[in-house]
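Given next are the chains, with one letter for each unit.
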Amino acid sequence: MNMQTLESTARAMVAEGKGILAADESLPTIAKRLSSINVESTEEMRRSYRDLLFTAPGIEEHISGVILFDETMRQQSLTGKSFPALLADRGILPGIKVDLGLTTIPGTQDEKVTRGLDGLETRLEDYRRLGARFAKWRAVISIASHKPTPLCLRINAHALARYAAICQDHDLVPIVEPEVLINGGHDIGRCERAMEKTLHAVFAELVRHGVLLEGMILKPSMVTSGIDSPDQADIDTVARVTIRCFKRTVPAAVPGIAFLSGGQSSELATAHLNAMNRLGGVPWELSFSYGRALQEKTLVTWQGKDANRELAQKTLLHRAKCNGAARSGTYSEEMERS
Ligand code: 13P
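As a starting point, this report considers the structure included with it. Residue indices begin from 1 for each chain and proceed along its sequence in written order. With pLDDT at 70 or above as the cut-off, local features in this predicted model cover only qualifying residues; side-chain atom pairs require 80 or more to be listed or tallied, and sums for whole chains, interfaces and linings still use all residues. Think of the side-chain values as coming from all heavy atoms in the structure, minus any hydrogens and water.

1. What about the layout of surface pockets?
Turning to step 1, where the next piece is worked out: If you add up the space inside the largest pocket, you get close to 670 Å³.
Turning to step 2, where the next piece is worked out: Every definition here rests on a 1 Å grid over the protein atoms only: cavities are sets of points where a 1.4 Å probe fits but cannot get out, pockets are open sets enclosed by protein on both sides within 12 Å along at least five of seven lines, and lining residues have some atom within 4 Å of a point. Taken together, 26 residues make up the lining of the largest pocket; nearest its centre are T29, R33, R138, E179 and R292.
Turning to step 3, where the next piece is worked out: Strands are runs of DSSP state E lasting at least 2 residues, helices are runs of H or I lasting at least 4, and numbering of each runs from the N terminus. Among the elements of the structure, α2 (27-35), β6 (134-141), β7 (173-180) and β10 (285-290) are those that each provide at least two residues to the lining of the largest pocket. Grid points are joined across faces, edges and corners, and a volume is the space filled by probe spheres set on the points.

Written out as structure tokens, the structure is:
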């Protein structure tokens, strides 16, 4: 393990004013996204769409890294260069999703654990050769009556820590992603308790597995009301409660927390990040690693048509710019109108 490489890469991932673009949708997920604009998910269409994202002029000013899916890691851009090489040439770190999705934990009410530890070492060697500098593994925790169970928290934390230790052994910075799902009618207090238990479990395992905290990035959901809750916490409450929860659970040695958007609208995800950075007083960089909140409007603008490509790229740049400003608490609603 090269500690210096891990630490400097992790810091670059959460560099000032920048965040990560999550474009690592698996084949079923990208098919769902493309079908929302009536585009069939063929290899060529997926390549065109990712090419549009990764060649968008100016995004390198606000995007530090991109998370890719296995297929994209091996594809070439329209110019003939491989996608990871194209990103690296723009000063953007290429990363790779390495988990293999979710499976139900036997004996639970459909709680999930993430697959992909078997053979992970071999796959990481391959990804490093292809140019990856960091990796991502997503664990999912849901809130409902009797959920999350201690078993679910324990085995997901264990898998995240095993993954993170193996990544660091291959000089890849692990993005440790425990997502507490937004689904449900719970209030923000319930989400805070679930998140606190999750993060306690995750960091206990990371330490037990000898993971270098300075050489990893945490990618959590924010602490919010459930999507179906009639009592939606406002932006300042989300910011305050999220920071309180993370101060209780995330060691100061972790360089950055890069939030996922998890089904929040693009504007709300930006406003929440902005409000947290305005509060300040935390030892970590507070950044973004958004999928939908960065891509949604770009996808809708594109509609699978070459004629819309340039405008779609401008839409991506705009969202990247807004989130870049939210990194320093200088985002405002006026930016949305400009
Ligand atoms: P969202 O921001 O759309 O939640 O996606 C982030 C991600 O990488 C999920 O694993």
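2. Considering the site of the ligand
Turning to step 1, where the next piece is worked out: We call a residue near a molecule or strand as soon as one heavy atom of that residue lies within 4 Å of the molecule or strand. Taken together, 13 residues surround the ligand, and among them K136, K219, S261, G262 and R292 come closest.
Turning to step 2, where the next piece is worked out: Polar contact is defined as a pair of N or O atoms within 3.5 Å, subject to the rule that within protein one atom must be able to donate a hydrogen and the other to accept it, and that residues adjacent in sequence are counted only when both atoms are side-chain atoms. Here an oxygen atom of the ligand sits 2.4 Å away from a polar atom, N or O, in the side chain of K136.
Turning to step 3, where the next piece is worked out: One of the backbone N or O atoms of G262 is found 2.7 Å from an oxygen atom in the ligand.
Turning to step 4, where the next piece is worked out: Throughout, the Shrake-Rupley method with a 1.4 Å probe supplies accessible areas, and for residues the shown protein chains are the sole cover considered. For the ligand, the protein covers 91% of the area, taking 300 Å² as the surface of the free molecule.
Turning to step 5, where the next piece is worked out: Among the detected pockets, the ligand sits in the largest pocket.
Turning to step 6, where the next piece is worked out: Listing elements by their share of the shell around the ligand, those giving two or more residues are β6 and β10.
Turning to step 7, where the next piece is worked out: Residue classes follow a fixed rule: Ala, Val, Leu, Ile, Met, Phe, Trp, Tyr, Cys and Pro count as nonpolar, while Asp, Glu, Lys and Arg count as charged, and any other residue, Gly among them, counts as polar. Here the residues of the shell around the ligand sort into three nonpolar, four polar and six charged. Placement in a cavity or pocket follows one criterion, namely that more than half of the molecule's atoms lie within 2 Å of its grid points.

3. Some points on the sheet that holds strand β8 (residues 217-218)
Turning to step 1, where the next piece is worked out: For two strands to be treated as a pair, DSSP must find no fewer than two bridges joining them. Pairing within the closed barrel is parallel, and its eight strands lie in the order β1-β2-β3-β6-β7-β8-β9-β10.
Turning to step 2, where the next piece is worked out: With three bridges joining them, strand β3 (residues 93-97) and β6 adopt parallel strand pairing. Directly across from K97, in β6, lies its bridge partner K136.

4. Looking at the pairing of strand β9 (residues 256-259)
Turning to step 1, where the next piece is worked out: Going residue by residue along β9, you find G256 and A258 tucked away on one face and I257 and F259 tucked away on the opposite face as well.
Turning to step 2, where the next piece is worked out: Alignment of β8 against β9, held across two bridges, turns out to be parallel. Bridge pairing links I217 to G256 in β9.
Turning to step 3, where the next piece is worked out: Strand direction decides the pairing type here: β9 and β10, joined by four bridges, are parallel. In the strand pairing of β10, G256 is matched with E285. The cut-offs for exposure are 20% and 50% of the maximum accessible area for each residue type, with area from a 1.4 Å probe on protein chains only; residues under the lower value are buried, those over the upper are exposed, and the others partly exposed.

5. Considering the nonpolar core
Turning to step 1, where the next piece is worked out: Definition of nonpolar core: a set of buried residues of the types Ala, Val, Leu, Ile, Met, Phe, Trp, Tyr and Cys, connected through side-chain atoms within 4.5 Å. Grouped together as the largest cluster of nonpolar side chains are 106 residues, with contacts concentrated most on F54, Y163 and F246.
Turning to step 2, where the next piece is worked out: In terms of residue count, helix α7 (residues 150-169) provides more of this core than any other element does, 10 residues in total.
Turning to step 3, where the next piece is worked out: Dropping the residues within four chain positions of it, F246 is found in contact with M195, L199, L218, P220, S221, V223, I257, F259 and W284. We call two residues contacting when some pair of their heavy atoms lies within 4.5 Å.

6. Things to note about helix α1 (residues 3-13)
Turning to step 1, where the next piece is worked out: Among the residues of α1, L6, T9, A10 and M13 are the ones counted as buried. The buried residues of α1 occupy an angular sector of 100° when projected down its axis, which confines them to one face. Projecting away from the buried face of α1 at angles above 90 degrees are the exposed residues Q4 and R11.
Turning to step 2, where the next piece is worked out: The opening residue of α1, the one whose side-chain oxygen lies 3.1 Å from the backbone nitrogen of Q4, is N2. In this description, one arc is meant: the one made by directions from the helix axis to the C-beta atoms.

7. Points about the pattern of salt bridges
Turning to step 1, where the next piece is worked out: For salt bridges, the criterion is a side-chain nitrogen of Lys or Arg within 4 Å of an Asp or Glu carboxyl oxygen. Enumeration according to the criterion identifies 24 salt bridges in this entry.
Turning to step 2, where the next piece is worked out: The closest approach of N and O atoms between E192 and R244, which form a salt bridge, is 2.9 Å. Of this pair, E192 sits in helix α8 (residues 188-208) while R244 sits in helix α9 (residues 235-249), and the two are 52 residues apart along the sequence.
Turning to step 3, where the next piece is worked out: Note that E285 is salt-bridged to R327, the shortest N-O span being 2.5 Å. With E285 in strand β10 and R327 in the loop between α12 (309-326) and α13 (333-337), this residue pair connects regions lying 42 residues apart in the sequence.
Turning to step 4, where the next piece is worked out: A relative accessible area of 35% means that E285 is categorised as partly exposed.
Turning to step 5, where the next piece is worked out: Taking relative accessible area as the criterion, R327 reaches 6% and is therefore assigned buried.
Turning to step 6, where the next piece is worked out: Residues joined by salt bridges that share partners form a network here, namely D24, K136, R138, E177 and E179.

Interpretation in functional terms is not warranted from these geometric data alone.
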